[in-house]
Amino acid sequence: MDSKKFYQKLDRVLGIPTLPVVAFKVNKMLQDYDISINELTKTIEKDQAIVSKILRLVNSAFYGFQSKIETVSHAVIVLGFNTVRNAVLSVSVIKAFSGKDSFEGFDIKDFWRHSVGVATVGRHLAGQTRLDNPDDCFIAGLLHDIGKVILSEYFKESFGQVWASVRDDGLSFYEAEKNLLPLNHAQIGGHLAAKWQLPLSLVDTIRYHHAVREGVSNLNQLMIVHVADIIVNTHNVDSGTACDFSNIYPKAAKIMRPQLETVSDWFPPVATEIESACELLLKPELSY
Ligand SMILES: [Fe+2]
Ligand SMILES: [Fe+2]
C-alpha cells in the first residue's frame, strides 16, 4: 500500500464518528471568541455522562482546588474555557479509543498509561520552563500517539508487521514503521486531529513529535511533548541507569538542559502524579 492508498483508507475509516458530538461542539465553540459561559455550559450539559466525569476531574487533586465545584458553569469560571475544553477532550478521547477491537498483544491500558505519563511530564516541563501552557501540553501529551490506536484497530496487518519487527529486530516502533509503512503513527494521528478540527498546535505536535521541525504553529509545545516522550520512554527510576537523551532534538535539549540534568530528582514525585492521573482518567468505573 502506498501513502496515497493509505490516506484513502484512513479517510474511509475516519469517516466513522469517533469523537463524541459534545466534545466536537465544545472544541468548535472555543474557536469562537464571542462564546458565552452560558452557551458553553448548555452544550456540555447535553451529555450528562461527560458532566459527571468532568466534575470528578475538576474536583480531584489533579486541579488542586480547595472548594468543591458543583456545576459546569462554576468549573468554566474557575478553570477557564481552555481547561474545560481540554478536560472534555481528555475524557472523550480516552472513551472513544478504549480499543475494544485492537491488535492482539497491543495492551490499550499500557498505551494510555504511556500517554498519561507523557501528558503529566509535559505539563511539568511546561510549568518549569514556562515555554507553553501546562494544560495544553497535557492534552497534547495525552493525544501524541493516538495514531498507534488507529493503526492497531484499522490497519491490523501493517500494525502486525511493525509489532513483529519491534519484537524481533529490537527497533523502536517509529523506526520499524519507517522501514515498513508509507506513513507512521505520528502522521496518522496528525491527520486524525486535523479531521477533528483540533487546534493547529495540537495537530502539529502530534504530527511531528518524532521529527521536530521549525515553522510549526507552536514549536515550544512540540519540543515539550517530544522531550516528555523520550523521558517517559527512557527514564527508569528503579534501575538508576542514566537516561539516553541522544535522540532529543538539539534545540530542545539545549533549552531544557536544566530539567534534563535534574530528571532523576524530579521524576519520582512526577511519577506519583502519573499514577494518580491514571487512577483518575483510566479507571473503568469513572468512564462514562
Ligand atoms: Fe510516538
Ligand atoms: Fe510516545
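Residues numbered from 1 in each chain as written. Chains lettered and ligands numbered in written order. Predicted model: local features only at pLDDT ≥ 70, side-chain atom pairs only at ≥ 80, totals over all residues. Heavy atoms only, no water.

Any chance you could break down the coordination of the iron ion (ligand 1) for me, citing the residues and the numbers?
The reference angle at a metal is 109.5 degrees if four donors form a tetrahedron and 90 or 180 degrees if six donors form an octahedron. Around the iron ion (ligand 1), the protein supplies Asp145 (OD), His185 (NE2), His209 (NE2) and His210 (NE2) as donor atoms, at distances of 2.1 to 2.2 Å. Taken in sequence order, the residues that donate to the iron ion (ligand 1) follow the motif D-x39-H-x23-H-H. Between the two metal centres, the iron ion (ligand 1) and the iron ion (ligand 2), the spacing is 3.7 Å, with aspartate 145 acting as a shared donor. Note that aspartate 145 is positioned in the loop between α8 (134–143) and α9 (146–154) and histidine 185 in helix α12 (residues 185–195), a separation of 40 residues in sequence. Just as aspartate 145 is buried, histidine 185 falls in that class too. (Donors = N, O, S within 2.8 Å, 3.2 Å for Na, K, Ca; no water. Helix = DSSP H or I, 4+ residues; strand = E, 2+ residues; numbered from the N terminus. Buried < 20%, exposed > 50% of the residue type's maximum accessible area, 1.4 Å probe, protein only.)

Please give an account of the coordination of the iron ion (ligand 2) that cites residues and values.
Within the protein, the atoms that donate to the iron ion (ligand 2) are His114 (NE2), His144 (NE2), Asp145 (OD) and Asp229 (OD), at distances of 2.2 to 2.4 Å. Between the four donor atoms coordinating the iron ion (ligand 2), the angles at the centre fall across 82 to 175°, so the site counts as irregular. In the primary sequence, the donor residues of the iron ion (ligand 2) line up as H-x29-H-D-x83-D. On the accessibility criterion, aspartate 145 (2% relative accessible area) is buried. (Tetrahedral: all angles 85-135°; square planar, octahedral: opposite > 155°, others 65-115°.)

Hey, could you go over the nonpolar core for me, with residue numbers and the actual values?
Membership of the largest hydrophobic core comes to 96 residues, with the highest contact counts inside it found for Ile44, Val93, Phe97, Trp112, Val121, Leu125 and Ile231. Of all the elements, helix α14 (residues 219–234) adds the most residues to this core, at ten residues. Counting contributing residues, this core receives three or more from each of domain 1 (15–96) and domain 2 (98–288). Those residues in contact with isoleucine 231, other than ones at most four positions away along the chain, are Val121, Leu125, Phe245, Leu260, Val263, Trp266 and Phe267. (Core = buried A, V, L, I, M, F, W, Y, C linked by side-chain atoms within 4.5 Å. Domains from an automatic or database assignment. Contact = heavy atoms within 4.5 Å.)

Account for the packing of aromatic side chains, with residues named and values stated.
Inspection of the entire model under this criterion finds ten aromatic pairs. An angle of 5° between the planes, with centres 4.4 Å apart, marks the rings of phenylalanine 6 and phenylalanine 155 as stacked. A residue pair is termed long-range when its members are at least 10 positions apart, and phenylalanine 6 in helix α1 (residues 3–13) and phenylalanine 155 in the loop between α9 and α10 (156–169) qualify at 149 residues. For the pair tryptophan 266 and phenylalanine 267, a centre-to-centre distance of 6.3 Å together with 45° between the ring planes defines the contact as tilted. (Phe/Tyr/Trp six-rings, centres within 6.5 Å; stacked < 30°, edge-to-face > 60°.)

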